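What follows is each chain in one-letter form.
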Amino acid sequence: MKFFLSALAISFSLILNKAEAQSSNDFGVFPTIDHTGSISRKIDYSFYYFAAINLIDNKTNNVVQKGFFAFYAEQALTYKINPKLSFTASYVYERQNPTKDVYRNENRFYLQSTYKYKVNQTVLKHRLRFDGRFIQNRLTYNAPFTSRIRYLFGLQKNLNTAKRSLYFTAYNEFFFNTQNNDAPTYAENWAYVALGYKINKSNTIEAGPLYIAWANNKKGDYTNLYYFQLSWITNINYKKTKD
């Protein structure tokens, strides 16, 4: 855990150093619904939805993002090789600035592998994802194919409570464009730290700060997004119910 926190601190410092030429800083809330279900011993499904809402805007260089910034809907199927290793395929729809005339639609698929293991009382997670993206051009209405690679390193640790219902979680995710175009190679970085409370076997509430560094161009201009994320996490084991 000390190694992870050190890596997270280093990542934050690198991002902030790069953000010296930043174009804007935005602050808001990030409500999230995260649902999973076990269909069988090997197969899970999941739904993941969030809304990014910018409440306070610190305008710089005439860049304004205040208001409903993004809506995201993800539907996925996961195949579990064993308790540690799994593979996932998903379809994603994302709409930026959904209530404005400058909205942008994106249809996306991803393929990912996830590896989890336990060290003492801490669960560590490595996730590697390939995104295939079709982002609509508002002028031509074409949606050319682009792609990127994402790597996430995270952890979850139960805290010393009588019912083990309280836990700490954190992750850092790096986004890399894989095509030679006008977009920067190191395109985004997401960092998240939160506390979670397990209400019962099926429902959990999680809350904490989410920081997104978004590269606008190759010049080093960044949009920094600071959110308070509140997540409702649910899980249903249909196989167990059936048995």
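Residues numbered from 1 in each chain as written. Predicted model: local features only at pLDDT ≥ 70, side-chain atom pairs only at ≥ 80, totals over all residues. Heavy atoms only, no water.

A. The arrangement of the overall build of the protein in detail. Secondary structure assignment for the protein yields 2 helices and 11 strands. In the protein, the succession of helices and strands from N to C terminus is α-β-β-β-β-β-β-β-β-β-β-β-α. Within the protein, the fraction of its 243 residues that count as buried is 40%. Put simply, of all contacts in the protein between residues at least 6 apart along the chain, 53% involve residues at least 24 apart. Entry remark: accessible area of the protein is about 13,600 Å², with carbon and sulfur atoms responsible for 61%. (Helix = DSSP H or I, 4+ residues; strand = E, 2+ residues; numbered from the N terminus. Buried < 20%, exposed > 50% of the residue type's maximum accessible area, 1.4 Å probe, protein only. Contact = heavy atoms within 4.5 Å. Areas by Shrake-Rupley, 256 points an atom, 1.4 Å probe, with all protein chains shown as cover.)

B. Molecular detail of the nonpolar core. In this structure, Phe 30, Trp 190, Leu 210 and Tyr 227 are the most contacted members of the largest nonpolar core, which totals 19 residues. Looking at this core, the elements with two or more residues in it are strand S2 (43–58), strand S3 (67–80), strand S8 (166–177), strand S9 (186–198), strand S10 (203–215) and strand S11 (222–237). Considering every element that reaches this core, the biggest residue donor is S3, with 4 residues. Counting residues in each nonpolar core, the second largest holds 5 residues, with Leu 124, Leu 155, Phe 168 and Ala 170 among its members. (Core = buried A, V, L, I, M, F, W, Y, C linked by side-chain atoms within 4.5 Å.)

C. Quick peek at the side chain of Ser 38. Note on placement: Ser 38 falls in strand S1 (residues 24–38). Of the polar contacts made by the side chain of Ser 38, one reaches the side chain of Asp 44; its length is 3.2 Å. (Polar contact = N/O pair within 3.5 Å; in protein donor to acceptor, adjacent residues only side chain to side chain.)

D. The environment of Asn 120, seen in detail. Following the sequence through the fold, Asn 120 ends up in the loop between strand S5 (104–119) and strand S6 (122–135). A residue is classified by how much of its surface remains accessible, and Asn 120, at 68% relative accessible area, is exposed. The spatial distance from the C-alpha of Asn 120 to the C-alpha of Lys 157 is 9.4 Å, given a sequence separation of 37 residues.

E. Up close: the confidence of the model for the protein. Mean pLDDT over the protein stands at 86; residues scoring 70 or higher make up 84%. By mean pLDDT, helix H1 (residues 2–18) is the weakest element of the protein at 51, and strand S4 (residues 85–96) is the strongest at 97. Within the model, pLDDT remains below 50 along residues 60–64, and this stretch shows 10 contacts once partners closer than five positions in the same chain are excluded. (pLDDT = per-residue confidence, 0-100.)

F. Structural view of the packing of aromatic side chains. Here the structure, examined in full by the defined rule, presents 20 aromatic pairs. One residue, Arg 129, lies across the ring of Tyr 110, its end atom 3.7 Å from the ring centre. (Phe/Tyr/Trp six-rings, centres within 6.5 Å; stacked < 30°, edge-to-face > 60°. Lys NZ or Arg CZ within 6 Å of the ring centre and 35° of its normal.)

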